[in-house]
Amino acid sequence: VFRAPGQELVITATDERALKDLVTFSFATNQPHTRAPMSNMLPDFLITGPDFAWKGYGGVVAAGFWDERWRAAPNSAYLQC
């Protein structure tokens, strides 16, 4: 949990590998395109599957932003069935 006045960031994962995937998600292999970790390029939620390590973003099973009622906003979320 990261806290700043008026802000809070919670990062959780099911295991060590999943946590590593989440942390490395925000870094590009091309250094000039790398942004600060946990910056505005991250969605409100991101759920990766077991193939994320080798598929990259193709291994994401759900991602998006919350609406005003803290539900996945259908117009700004990806949910794989």
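Conventions adopted
Residues numbered from 1 in each chain as written. Predicted model: local features only at pLDDT ≥ 70, side-chain atom pairs only at ≥ 80, totals over all residues. Heavy atoms only, no water. Helix = DSSP H or I, 4+ residues; strand = E, 2+ residues; numbered from the N terminus. Buried < 20%, exposed > 50% of the residue type's maximum accessible area, 1.4 Å probe, protein only. Contact = heavy atoms within 4.5 Å. Areas by Shrake-Rupley, 256 points an atom, 1.4 Å probe, with all protein chains shown as cover. Pairing = 2+ DSSP bridges. Axes fitted to C-alpha atoms, helices over the stretch in contact; angles between N-to-C directions.

A. Fine view of the overall build of the protein chain. Counting secondary structure elements, the protein chain contains two helices and five strands. Along the protein chain, helices (α) and strands (β) appear in the sequence β-β-α-β-α-β-β when read from the amino end. By residue count, 20% of the 81 residues in the protein chain fall in the buried class. For the protein chain, the proportion of contacts with a sequence separation of at least 24, taken over those separated by at least 6, is 14%. With an accessible surface of roughly 6400 Å², the protein chain has 57% of that area assigned to carbon and sulfur atoms.

B. How the structure looks around the sheet that holds strand β5 (residues 72-79). Ordered in space as β3-β4-β5, the three strands form an open sheet in which the pairing is antiparallel. With partners counted over all chains shown, the strands left at the sheet margins are β3 (45-48) and β5, one partner each. On average, each strand axis in the sheet is inclined to that of its neighbour by 10 degrees, with strand direction left out of account. Sheet topology note: the β3/strand β4 (residues 60-66) ladder contains four bridges and is antiparallel. Within β4, the position partnered with Ile47 by the bridge is Ala62.

C. View of the pairing of β5. Sheet topology note: the β4/β5 ladder contains four bridges and is antiparallel. Within β5, the position partnered with Ala63 by the bridge is Tyr78. Count of turn residues in the β4/β5 antiparallel hairpin: five residues, of which Trp70 carries a positive phi of about 60 degrees.

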